[in-house]
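Take a look at the letters that make up each chain.
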Amino acid sequence: MPHVSRFPRRGRTLSTWAVVAALGLSAGLAGCSDDDPPGDLGKRPEPSASQPAPAPNAPNVLLITADDMSIDDVAHMPALQALIADQGVTLTDGLAPTPLCVPARASLLTGQYAINHGARTIKGRTGGPKAVRQPQRTLPVWLQGAGYDTLFVGKYLNGYGLKDPTHIPAGWSDWRASIDDSTYSFTETEFNANGRIVKPEGYSTDIIAEMSRESLEARDTSRPFYMWVNYVAPHIGGPRESDDPSTVFADDPDAQLSTTMPAEKYRNTMSDQELPDVPEMWRGTKGSLWFLPDHSANYKAAMREVNQQRLESLRSVDDAIASTVAELKKQGVLRDTYIIVTSDNGFMVGHNNRMGKVLPYDNSLRIPILLRGPGLPKGTKSDLPVTNPDLAATIASLAGAKPNRPIDGTDVMPDLLKQRTGQRPIPISAWPVKGGRVPMYTGIRYGSYTYVVPTHGPEELYDRSVDPGESRNLAKGPRYRAVLKQLRAWEAEYRNCSGDTCPKEFQKLS
């Protein structure tokens, strides 16, 4: 019997966010910013009878991503802690090599660094879904080839649906994706539900959570599944509320600020939360191309409100994680499922005197990654460096899938299962948010070191073992000559690496 959605739908309207897109407005570093009769929410297509059989005992895999969730945020998510961290592994050195929405998500689709998959930024010729090279050769396609049922719910790559809102990318058995730019309205989100445009009532995070449960209920139970659920929170979005802070500061004209929208039931529930008490808070990085002087008191107060609303929006994501785990338990498949919870990139809320991401600072590059599943040790932590491309490579390996493009990432599951750890150089890079083929910087992240080569400035080096806030550029210090020599060599070697030429094994500083 066909699955019928519990969601009512409304006729399509032109939202405020579509108007914003038409005017070409951008959130800069802080963001990545039918009238058919009512019916069901897009029935999933019938599974193909010719799909290959999966390998025996192939596990299910659930990937949950939050948009712009930072390493500091997870401490305020009790369900995430109890259901994932306490039941599995928390990675303390998860990394987004290109810390921006589109490139990070494209890495999760391809297992490649941005230099290779092509989607390096948000807009322009190298931005959005159209920039992903070989879109027929992505993780869901590989998994379908391994006999998997593949399910997608939530936000896809920025810009999805602007030209063709009914397009379904290759490889997905069940598709329920938000359509830009309605994605960034938490109360007016439109979705492409298996080729049908729908606009359910409610708060975006709650809708995505409910869609996730529906998709799991409607899945092909004769096959293992891969599901990617992509929440928008705590990314900036609207509509604007009465207690939102000002975005313009007469006493601080260079200040940048935008905020998200929590669910009404969680509004002001985190009003007692101050900004993270970390060394880099409101401290510009001396000797850096991106140094900013001190901000005004008004701006700092507004940033506290921004952080509060981000945490409040994540309470709904935390609820959604709990409901999805409960559904897996109800279906009797929780023990056979690997669950990975992560973010596309990190986020700064006053860290290094900045708001946003993209830049090569720790709170921009570092992402939370928490995993549970068969064989993983419970309640443990690991400092194994794991990137967005590594997650794609690991998922493909778990499924016994065969990638049909060079993979830059590496399967980290053997190390996690055996609790091995070590360091390897991770190439980092970023391009201008609004497009451009010339990078802002390239570099290497290795253990406590971050080495940065800005395109338009002198090299930078940070050692978090002695300067956890990355407040001083140590590149000119004589003490670091040997370290710099090695990091420079790695940067030159791996800047344009591809596939097997990318670093995958543990390495030591010479």
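Details of the structure are given in the entry above.
It should be emphasised that the depicted structure is a prediction, and the values quoted were computed from it without experimental measurement.

> Can you break down the state of the cysteines residue by residue, with the values?
Among covalent bonds in proteins, the disulfide is the one between the sulfur atoms of two cysteines. Applying the stated criterion across every chain, the model contains one disulfide. Residue Cys497 pairs covalently with Cys502 via a disulfide, S to S 2.2 Å. Judged by the sign of its S-S torsion, about 95°, the cystine formed by Cys497 and Cys502 is right-handed. Of the two residues, Cys497 and Cys502, both sit in the buried class.

> Mind laying out the pairing of strand E8 (residues 337-343), listing which residues take part and the relevant values?
With respect to burial, E8 is a largely interior element, seven of its seven residues being buried. Burial along E8 is two-sided: the residues Thr337, Ile339, Val341 and Ser343 and Tyr338, Ile340 and Thr342 are all buried. When strand E1 (residues 60-66) meets E8, the two strands line up parallel, connected through seven bridges. What sits directly across from Thr65, in E8, is Thr342. As paired strands, E8 and strand E11 (residues 366-372) are joined by four bridges and run antiparallel to one another. Across the sheet, the residue bridging to Ile340 is Leu371, located in E11.

> If you had to explain the side chain of Ser429 to someone new, which residues and values would you point to?
When you line up the elements, Ser429 lands in strand E14 (residues 426-430). With residues up to four places along the chain from it excluded, the contact list for Ser429 reads Pro97, Thr98, Pro99, Tyr441 and Thr442.

> Tell me about the pattern of salt bridges, and please be specific about residues and values.
Pairs may arise between side chains of opposite charge once their charged atoms sit close together. The final tally for this structure, using the stated rule, is 28 salt bridges. Between Asp149 and Arg44 there is a salt bridge, with its nearest N and O atoms 2.9 Å apart. In this pair, Asp149 is assigned in strand E3 (residues 149-154) and Arg44 in the loop between helix H1 (16-23) and E1, connecting sequence segments 105 residues apart. An identical accessibility class is assigned to Asp149 and Arg44; each is buried. In this structure, the salt-bridge partner of Glu241 is Arg267, at a minimum N-O distance of 3.8 Å.

> Got a sec to walk through the sheet that holds strand E17 (residues 460-463)? Specific residues and values, please.
If you walk across this open sheet you meet the four strands as E14-E15-E16-E17, and the pairing is antiparallel. Strand pairing shows two members of the sheet lacking a second neighbour, E14 and E17, which therefore form its edges. For this sheet, the mean angle separating the axes of adjacent strands, direction not counted, is 20°. Pairing between strand E15 (residues 441-446) and strand E16 (residues 449-454): six bridges, direction antiparallel. Across the sheet, the residue bridging to Gly443 is Val452, located in E16. Where helix H11 (residues 481-494) meets the sheet, its contacts fall on E14, E15, E16 and E17, and the angle it forms with E15 comes to roughly 120°.

> I'd like a description of the environment of Thr324, backed by residues and values.
In this structure, Thr324 sits in helix H7 (residues 297-330). When near neighbours in sequence (up to four residues on either side) are disregarded, Thr324 contacts Leu62, Ser212, Leu216 and Tyr231.

> Lay out unusual backbone geometry in plain terms, naming residues and giving numbers.
Following Ala233, the chain continues into Pro234 via a peptide bond in cis, with omega recorded as 5°. Within the secondary structure, Pro234 is located in the loop between strand E7 (225-231) and H7. Of the consecutive residues Gly238 and Pro239, the connecting peptide bond is found in the cis state with omega at 10°. Phi at Gln134 is positive, roughly 50°, even though this residue is not glycine. Considering the arrangement of structural elements, one finds Gln134 in the loop between helix H4 (114-117) and helix H5 (139-145). Given the relative accessible area of 40%, Gln134 is considered partly exposed. Phi at Asn194 takes a positive value of approximately 55°, unusual for a residue other than glycine. Relative to the assigned elements, Asn194 resides in the loop between strand E5 (191-193) and strand E6 (196-198). Taking relative accessible area as the criterion, Asn194 reaches 16% and is therefore assigned buried.

Parameters at a glance
- Residues numbered from 1 in each chain as written.
- Predicted model: local features only at pLDDT ≥ 70, side-chain atom pairs only at ≥ 80, totals over all residues.
- Heavy atoms only, no water.
- Disulfide = S-S within 2.5 Å.
- Buried < 20%, exposed > 50% of the residue type's maximum accessible area, 1.4 Å probe, protein only.
- Helix = DSSP H or I, 4+ residues; strand = E, 2+ residues; numbered from the N terminus.
- Pairing = 2+ DSSP bridges.
- Contact = heavy atoms within 4.5 Å.
- Salt bridge = Lys/Arg side-chain N within 4 Å of Asp/Glu carboxyl O.
- Axes fitted to C-alpha atoms, helices over the stretch in contact; angles between N-to-C directions.

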